[in-house]
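Fold and geometry: a report
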Amino acid sequence: MSSQAHFTDFKSDKQPTWCPGCGDFGTMNGMMKALANTGNSPDDTFICAGIGCSGKIGTYMHSYALHGVHGRALPVGTGVKLANPDLEVMVAGGDGDGYSIGAGHFIHAVRRNVDMTYVVMDNRIYGLTKGQFSPTSREDFETSTSPEGTKQSPVHPLALAMAAGGSFIAQSFSSDAQRHTEIIEQAIEHDGFSLVNTYSPCVTFNDVDTYDFFRDSLVDLDEEDHDPTDYDQARQRIMDFDNIYQGVLYQDDDSVGYEKRLGIEGPMNEIPDGAPEDAMDLVREFY
Amino acid sequence: MPEDLNWAVGGEAGDGIDSTGKIFAQALSRAGRHVFTSKDFASRIRGGYTAYKIRTSVDELNSVVDRLDILVALTQRTIDENLDELHEDSVVIYDGERSWDAEVPDEQIPLDVPLKSLAEDAGGAIMQNVVALGAACEVAGFPIEHLDSALEKRFGEKGQKLVDNNQEAARKGRDYVQENYDHDFGYSLETTDNDYVLLNGDEAIGMGALVGGCRFYAGYPITPATNVMEYLTGRIDEYGGTVVQAEDELSAINMALGAARSGARAMTATSGPGIDLMTETFGLIATTETPLVIADVMRSGPSTGMPTKQEQGDLNMTLYGGHGEIPRFVLAPTTIAECFHKTIEAFNLAEKYQTPVYVVSDLAMAVTEQTFSPEEFDMDEVEIDRGKVVDEDNIDQYLDEQDRFQPHYDAGDGISPRAFPGTVEGAHMTTGLEHDELGRRTEDTDERVRQVDKRNRKVETAQNEEDWSPREFGNEDAENLVLTWGSNEGAIREAMQKLDIDVRFISVPYMFPRPDLTEAVESAETTVVVECNATGQFADVVERDTLTRVERINKYNGIRFNADELVDRITETFAAESEAKV
């Protein structure tokens, strides 16, 4: 697309099957707006997703997209970006997809620092399998598989990302459309791996972590005189598990994406029609 | 004097056995001699018996034999482990000054050489193995200049001093034997002007990948596939590609999938346990119709099995692994050179038919170094076929009435157009869910059948359009038929030269789709399938394809077949069968 894309260009004609009131609508709208606002078009954007309600996002958006297997969207995004650094790569996942089955990949994607934006729709429950606790559920959260509470401490994604050397760590709330969009724009513009943990409430199965809960609890960093480039300040807020923040908690302005450190200069999709001209040198090495 | 010389160096893992063997193999190869190596190693870094064996001849070699003519023993265990292979003229080179009391059996010729102290004289005890190589050159009647050349190659980048010291160490070994032993060892290794290269199966796969246009490799280290990744590391960058060492196999194959969707030729290589982990994504690759090459360098299973031992136990997994029904291609190179050619072919098949392709190799090929004429790797014959890639000029014909690109468009032959991301008007999604032509999820029963049929039709198309012929040797009218797949071809070919009976030999490099063997099996009196596994996975396939019972020769102790044992086992099998039929 040569002309400037409008955010509706990123919308597919498929109607979402998310429950009415689902936080994912707001999350997705913010993603589409941020992509358009940062000058991207559907033809040079790639969306990767895993499994769960969040995984459906590639169907409802219009761009190049892959809906893969559970928890493995980050490695797919890594491959997409390394093989064509000209693409804008966005990876979407849920708290189960990203922090449970995909937790191993999460840590490694963070430390590898490939230039892509990871939006995790965190609703603190398993929605698509109808209401089991998730890795971000509170310890006392009662669900069909935790009738007496989960008896497990929740995962703290921002802290995990910081410990893994994350270069952009942010949190947003899907119903605060303007802030959510802004934060994703900043994430897209960051050169390196960007985590945006987005509270995206599940109105059907989670009656604790509701819109009201997040509205009442979230502390906006814009009102806190927070400097995201100040590592110690960022660490303090990220490790403050008594409060939840909205905004960019940490950003390393000196970050350089993995693809640049590898020296990848452009798309890998062009190859010669036959063996490379110096191919016999490869054989000669074995002399 | 036999036409071939069999030499080995053995000691503890960590003693530099591998590089010592490699240096000698390279010296022989550079002297225009054929070389075929094998390794005996344990799954540990230090300690444990390890050996590097070389068979060399002026004539082409494709197999090992169970005879050792010269053994460099750095430990007593090296002698004990190889007793069966030593004969009365075997020479055992050892260091009598070392702490162990070498017990060299009376039948052999003991050659006590103070390896360590001679190495110290030349500049460092670390060169004791090179002293032994010099001694071996004298025993084998092999001009030491060729060893110099191999030492130059090995150490040249680290400085001339190191080269000089090593060449000096080698001379000390040679001179010591010359001065202290007045024995005619009976060997005189002829050198030739032939021009050879020396490489192993993993290197051949890596080289095939580079030449075949692979630009993205993601993998996780595992024996015996790691060498593919090590080969590509650094080299692939020269062509604008990259290697990623992923956090695990699940990640590796998903990265490769992502890169393939970006339009790169992408691959991963692993061994059985890694294939287990990758199988989850294997189905996704097939159903999203993504071109991807996966090399499975087999080792002994199940589970972690015997990581450093040979087996061909993954055929069923590569043919049938994954839930649901998955169209795939499975290629099994039959020689080290074929590892190169089949990897290139795999990339073409993957992109033409947009489906995952297995290249199934094994430990015996992966760690064996063999000499080839450079002409075996004819670069002029390499053709790259990227299949149906669309661009701005022709994408219009694959857009639906609402101008949406159809990544699973059913063109009749089952093969859809491909739009690399970035192609204007090509934006589309793909999913592991069953989907329609637009790539969107569907549970429509008719569409489901249509897409399954479309994917399976690719196999039919490929069956008709590609050449799936096996490799044939021997007498095509013989009543005894030997079938095999993978790395056994060389040993069987050598066995055929020694067999008293006439056989027809078919070596099959295509496991799926595969050649129709019905006629061959039906026209033979008896068919025997040779493979390195316990149950006869390929024999099962042949029986099912041909509806004819076949005999089986299996080996699953962790060691490859050698030519001598195959002579016996093939003879016995056909004799028993013909007796039974009388």
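Our subject is the structure listed above.
Residues numbered from 1 in each chain as written. Chains lettered and ligands numbered in written order. Predicted model: local features only at pLDDT ≥ 70, side-chain atom pairs only at ≥ 80, totals over all residues. Heavy atoms only, no water.

Moving on: the environment of isoleucine 47 of chain A. Residues and elements named next belong to chain A. Considering the arrangement of structural elements, one finds isoleucine 47 in strand E1 (residues 45–49). Sequence spacing of isoleucine 47 and threonine 117 is 70 residues, and the spatial spacing of their C-alpha atoms is 9.7 Å. Apart from the residues lying within four places of it in its own chain, the contact partners of isoleucine 47 are Leu35, Ile57, Met61, Ser63, Tyr64, Ala65, Leu66 and Met90. (Helix = DSSP H or I, 4+ residues; strand = E, 2+ residues; numbered from the N terminus. Contact = heavy atoms within 4.5 Å.)

In this section: the pattern of salt bridges. What the rule picks out here adds up to 58 salt bridges over all chains. Across the pair aspartate 13 of chain A and arginine 440 of chain B runs a salt bridge, and its minimum N-O distance is 2.6 Å. In this pair, aspartate 13 of chain A sits in the segment before helix H1 (23–37) while arginine 440 of chain B sits in the loop between strand E15 (429–431) and helix H14 (445–465), so the two residues belong to two different chains. Using a relative accessible area of 40% as the deciding quantity, one classes aspartate 13 of chain A as partly exposed. For the salt bridge of arginine 174 of chain B with aspartate 175 of chain B, the shortest nitrogen-to-oxygen distance reads 3.2 Å. (Salt bridge = Lys/Arg side-chain N within 4 Å of Asp/Glu carboxyl O. Buried < 20%, exposed > 50% of the residue type's maximum accessible area, 1.4 Å probe, protein only.)

It is worth spelling out the state of the cysteines at this point. Working definition of a disulfide: a covalent bond connecting the sulfur atoms of two cysteines. Counted according to the given criterion, the structure contains 0 disulfides over all chains. Note on cysteine 48 of chain A: no disulfide assigned, nearest cysteine sulfur contributed by cysteine 53 of chain A at a separation of 19 Å. Judged by relative accessible area, cysteine 48 of chain A falls into the buried class, the value being 1%. Cysteine 214 of chain B takes part in no disulfide bond, and the closest cysteine sulfur, belonging to cysteine 339 of chain B, lies 15 Å away. Look at cysteine 214 of chain B and you get buried, because its relative accessible area is 0%. (Disulfide = S-S within 2.5 Å.)

Residue and element names in this part refer to chain B. Over its 21 residues, helix H6 (residues 160–180) runs 30 Å from end to end, which matches the ideal 30 Å to within 8%, given 1.5 Å per residue. Along H6, the residues that are buried comprise Val163, Asn165, Asn166, Gln167, Ala169, Ala170, Gly173 and Val177. Each element contacted by the buried residues of H6 is listed here: strand E6 (109–112), helix H3 (115–122), helix H4 (128–140) and helix H5 (144–155). (Expected span 1.5 Å × (residues − 1).)

With that settled, the discussion passes to the side chain of asparagine 165 of chain B. Residue and element names in this part refer to chain B. Mapping asparagine 165 onto the fold places it in helix H6. The exposure class of asparagine 165 is buried, given its relative accessible area of 18%. Excluding anything up to four places from it in sequence, asparagine 165 contacts Ala122 and Met127.

With the rule as written, the count across this model stands at 21 aromatic pairs over all chains. Measuring from ring centre to ring centre gives 6.2 Å for phenylalanine 173 of chain A and tyrosine 211 of chain A, while their planes differ by 50°; the resulting arrangement is tilted. You can see phenylalanine 173 of chain A sitting in strand E5 (residues 168–173) and its partner tyrosine 211 of chain A sitting in helix H8 (residues 211–217), a full 38 residues away along the chain. A relative accessible area of 3% places phenylalanine 173 of chain A in the buried class. Plain terms: the ring middles of tryptophan 7 of chain B and phenylalanine 24 of chain B are 4.6 Å apart, the flat faces sit at 45° to each other, and that makes the pair tilted. Highlighted residues: tryptophan 7 of chain B in strand E1 (residues 4–12) and phenylalanine 24 of chain B in helix H1 (residues 17–30), separated in sequence by 17 residues. In this pair, the class of tryptophan 7 of chain B matches that of phenylalanine 24 of chain B, namely buried. Counting every residue linked through ring pairs, the aromatic cluster contains Phe173, Tyr199, Tyr211, Phe213 and Phe214 of chain A. We note lysine 33 of chain A situated over the ring of phenylalanine 7 of chain A; from NZ or CZ to the ring centre the distance is 5.2 Å. (Phe/Tyr/Trp six-rings, centres within 6.5 Å; stacked < 30°, edge-to-face > 60°. Lys NZ or Arg CZ within 6 Å of the ring centre and 35° of its normal.)

Everything listed here is a matter of geometry and, on its own, says nothing about what the molecule does.
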